[in-house]
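One letter stands for each residue in the lines below.
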Amino acid sequence: MGYLQHMLKVPQSMKELERRAAGALGALFEQVPAIKLEDIKFEPSGSERGIDILARINVSDRPHVLVCEVKASGQPRHVRMALLELRNYVAHHESEMTPIFIAPYLSPEAQALCRAHQVGFLDLEGNARLVFDGVFIERMVPHMPSAERRELKSLFKPKSAQVLRAMLRDPGRPWRVVGLAEIAGVSLGHVSNVRSGLLDREWGQVSDKGLFISEPDALLNAWRDAYEPPAGKRMSFYATLHGSAFEEAARQALHAGPTNGQAVFASFSAAHWLAPYGRTGMQYFYADDVGLDRLKVGLRLSSATKGENVVVTMPKDHGLFHDIVEPAPGAVCTSPIQTYLDLTAAGERGREAAEHLRREKLSWPK
């Protein structure tokens, strides 16, 4: 990239992101023999022209101009605003120009926005799509940068997950920050972080009554793809009870109430009550210390060196116990959202049961 740095004559004060954006643009054109990069100019900070980079190129002896907007965030909300600025800039110039949006990383959703607005895009991870003057360049990379993965996972960490589970009970319901913090049992700061994450990705919107989830399916898809089962101790047991006798004993044990500890059906066992999809030989629960003792007594559990048929997970974070349902007397279960997520992490049969549960319990009007 040495020749490019020389040609650009970038002042030392130039923003590093714009330097990298110009370098990525130049490197992309190096791979296309028909395109010759003639000149790249940076717009000064505070410019009213609404763009950051002007690139003049030559395509098979025909001059062309690319106008580029560079943003530090590639989240859909920020992308949408930049695309409108680019389209507006191009509309007010008579010469033929191609608008290009550049950011450190553009998700598939952000890329789709660019396509819908007929704006080319380029990110610093290698994703690119430029269409102009008989030229078509498209390159997709499968990976997501680690910083983006961390940011996305932070949206689904335990405290944030409590907020999301509360909102997904009724996605269209608007919430004030204080009310949401109270119902989810988290701080105002956690709610504010979730609010920003939802708005930036355009999974949430704000009405005059508060924040609501506008794209529950997109949110749930992302949560599913990033999901990690709750951290905690996993214990295996053997129960001599089976079938209806086990179910009756379990319902009596779970119905004891939170004053006697927490214990709930989970995974396949919860799905059996929420949206049955075949049977499994294993029974699954979440419990705290007191709830585990209740299960041991009520289900006559013995430690299993082999032949386990009951699995109890004792989660480090008890937030999921705030979002439970009771579809039948005593059948206390993890919520449809938590059950769905746990099933998606339980292998192929779990994914099939998860999709069945989603169709039955997690379908929202478009």
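Attention now moves to the environment of Leu17. Tracing the sequence through the fold places Leu17 in helix α2 (residues 16-30). For the pair Leu17 and Leu152, spaced 135 residues apart in the sequence, the C-alpha separation amounts to 22 Å. In this structure, Leu17 is in contact with Val70, Lys71, Ala72, Pro104 and Leu124, ignoring residues within four places of it in sequence.

What follows covers the packing of aromatic side chains. Here the structure, examined in full by the defined rule, presents 5 aromatic pairs. Residues Phe246 and Phe285 carry aromatic rings whose centres are separated by 6.3 Å and whose planes lie at 50° to one another, so their mutual orientation is tilted. Taken together, the residues Phe246 in helix α10 (residues 243-254) and Phe285 in strand β12 (residues 283-287) connect sequence positions 39 residues apart. Comparing Phe246 with Phe285, the two get one shared label, buried. Ring plane angle 40° and centroid distance 5.9 Å describe the contact between Phe268 and Tyr284, whose orientation is recorded as tilted. Of this pair, Phe268 sits in helix α11 (residues 267-274) while Tyr284 sits in strand β12, and the two are 16 residues apart along the sequence. Tyr284 matches Phe268 in its accessibility class, with the two residues each being buried. Taken together, Phe246, Phe265, Trp273 and Phe285 form an aromatic cluster joined through their ring pairs. The residue whose ring lies beneath Arg173 is Trp175, and the NZ or CZ to ring-centre distance is 3.7 Å.

Within the protein chain, residue pLDDT values average 87, and 93% of them lie at 70 or more. Between residues 1-14, whose pLDDT stays under 50, and residues either more than four places distant or in other chains, the model counts 19 contacts.

Among the 11 residues in helix α6 (residues 158-168), 9 count as buried, and that is most of the element. Listed in full, the buried residues belonging to α6 are Ser160, Ala161, Gln162, Val163, Leu164, Arg165, Ala166, Met167 and Leu168.

With that settled, the discussion passes to the side chain of Thr98. Tracing the chain through its elements places Thr98 in strand β4 (residues 97-103). Polar side-chain contacts of Thr98 include one of 2.7 Å to the side chain of His64.

Definitions and cut-offs
Residues numbered from 1 in each chain as written. Predicted model: local features only at pLDDT ≥ 70, side-chain atom pairs only at ≥ 80, totals over all residues. Heavy atoms only, no water. Helix = DSSP H or I, 4+ residues; strand = E, 2+ residues; numbered from the N terminus. Contact = heavy atoms within 4.5 Å. Phe/Tyr/Trp six-rings, centres within 6.5 Å; stacked < 30°, edge-to-face > 60°. Buried < 20%, exposed > 50% of the residue type's maximum accessible area, 1.4 Å probe, protein only. Lys NZ or Arg CZ within 6 Å of the ring centre and 35° of its normal. pLDDT = per-residue confidence, 0-100. Polar contact = N/O pair within 3.5 Å; in protein donor to acceptor, adjacent residues only side chain to side chain.

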